[in-house]
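Single-letter residue listing:
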Amino acid sequence: MNKDLIQQLQDFMRLSGGFRASRVILTANNLEVFEHLKTPRTAVEIAGKLATDPRATEILLDAVTALGLLAKTGVKYRNTVPAKKFLLKESPWYQGDMLRHSDALWKSWSGLDEVVKTGLPNRAGGRDYEVFIRAMHNNAVFRAKRVVSAIDLSNVKKALDLGGGPGTYSMELARQGISVTLFDLPDTLVVSRKIIRESKVKDIDFISGDFQADDIGKGYDLVFISQIFHSMSEDECLALLEKSRNALNPNGRIAVHEFFLKKDRAHPVPGALFSVNMLVNTAAGRSYTTEEMKAWLKKAGFRGVKTNILGETVVLTARR
């Protein structure tokens, strides 16, 4: 067997076996391993803290070490820089809630065979709603400044963050001196109020309701819609754009933030894989191409559509 073929096989096996590393990290996060390794400890000590089996704990810790999230000196383990940055609750860049959400997705994705056969979502296992909303905050906290900076905020005094979830983008808009209204479901707002209180950001109002069925208000200079379209059908997206246009002041702006997907719907990888996530978890959602969203904006009566690709995501802006 030649060296090129061996390398190709190794690359393929890493690709097809990626679930192993994911499962190890998810389990370590679920058990809060990293919270207990702020100071070096042995596997036996960690097993005592977690009430887990010592042999199994050692094997898990060794695997996490192999993945670079722990370091091992002798028989003691400690957090590495990435673990300290992303897996400790005290860090502003904490991603543990996102990993807990990923653990819930693990269960729904495991039904993908049947989903592809039937076209129906698989919501196996349910989810912790607060963990889900906080996971969205974990994700958005890295993007918020860059996303908001992609929007022309001149003359924007009043903004609506429609389906704004944890309020991460509401807070970033408020930091720009804008009066923001966060609209979302009542259960969501219970969590977003906590997150906003924790961040000590002011000038944010709240409206609870279903944005598809309920009044979203009027008189806004900006309607901001982030990561909402992928959970809905094309018709629902268009209807939401029309509703948003009616809520805007004359010459008001809309900004749509979504995963970036090229016209072929197969690139880049994050957008294509997220489409599968929506297949598994929603009745009609998927990732949409920039061209599709542009067409909806024009059909809804918006003008001057602009796009700004930000790596894995894209921001589309237009005027009423």
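Details of the structure are given in the entry above.
Keep in mind it's a predicted model, so treat the numbers as computed, not measured.

(A) Main features of the side chain of Asp221. With respect to the helices and strands, the residue Asp221 is situated in strand β7 (residues 220–226). One polar contact links Asp221 to Asn249, side chain to side chain, over a distance of 2.9 Å. Those residues in contact with Asp221 that lie beyond four places of it in its chain are Asn155, Val156, Lys157, Lys158, Leu248, Asn249, Gly252 and Arg253.

(B) Inspection of helix α10 (residues 168–175) at higher detail. With seven of its eight residues buried, α10 lies for the most part within the structure. Burial in α10 covers these residues: Thr168, Tyr169, Ser170, Met171, Glu172, Leu173 and Ala174. The first or second residue beyond α10 is Gly177, which carries a positive phi of 85°.

(C) Representation of a nonpolar patch on the surface. Taken together, the side chains of Leu9, Phe12 and Met13 present a nonpolar region at the surface, about 300 Å² in accessible area. Mapped onto the elements of the fold, Phe12 is located in helix α1 (residues 3–16). Residue Phe12 is classed as partly exposed on the basis of its relative accessible area, which comes to 49%.

(D) Region of interest: the sheet that holds strand β3 (residues 76–79). One open sheet holds the three strands; their spatial order is β1-β3-β2, and the pairing between them is antiparallel. Every other strand in the sheet has two partners, leaving β1 (41–42) and β2 (70–73) as the edge strands with one partner each. Bridging between β2 and β3 involves four bridges; their strand directions are antiparallel. Bridge pairing in β3 places Leu70 opposite Asn79.

Criteria and cut-off values
Residues numbered from 1 in each chain as written. Predicted model: local features only at pLDDT ≥ 70, side-chain atom pairs only at ≥ 80, totals over all residues. Heavy atoms only, no water. Helix = DSSP H or I, 4+ residues; strand = E, 2+ residues; numbered from the N terminus. Polar contact = N/O pair within 3.5 Å; in protein donor to acceptor, adjacent residues only side chain to side chain. Contact = heavy atoms within 4.5 Å. Buried < 20%, exposed > 50% of the residue type's maximum accessible area, 1.4 Å probe, protein only. Patch = residues over 30% accessible without salt bridge, like charges linked within 9 Å, V, L, I, M, F, W, Y side chains within 5 Å. Areas by Shrake-Rupley, 256 points an atom, 1.4 Å probe, with all protein chains shown as cover. Salt bridge = Lys/Arg side-chain N within 4 Å of Asp/Glu carboxyl O. Pairing = 2+ DSSP bridges.

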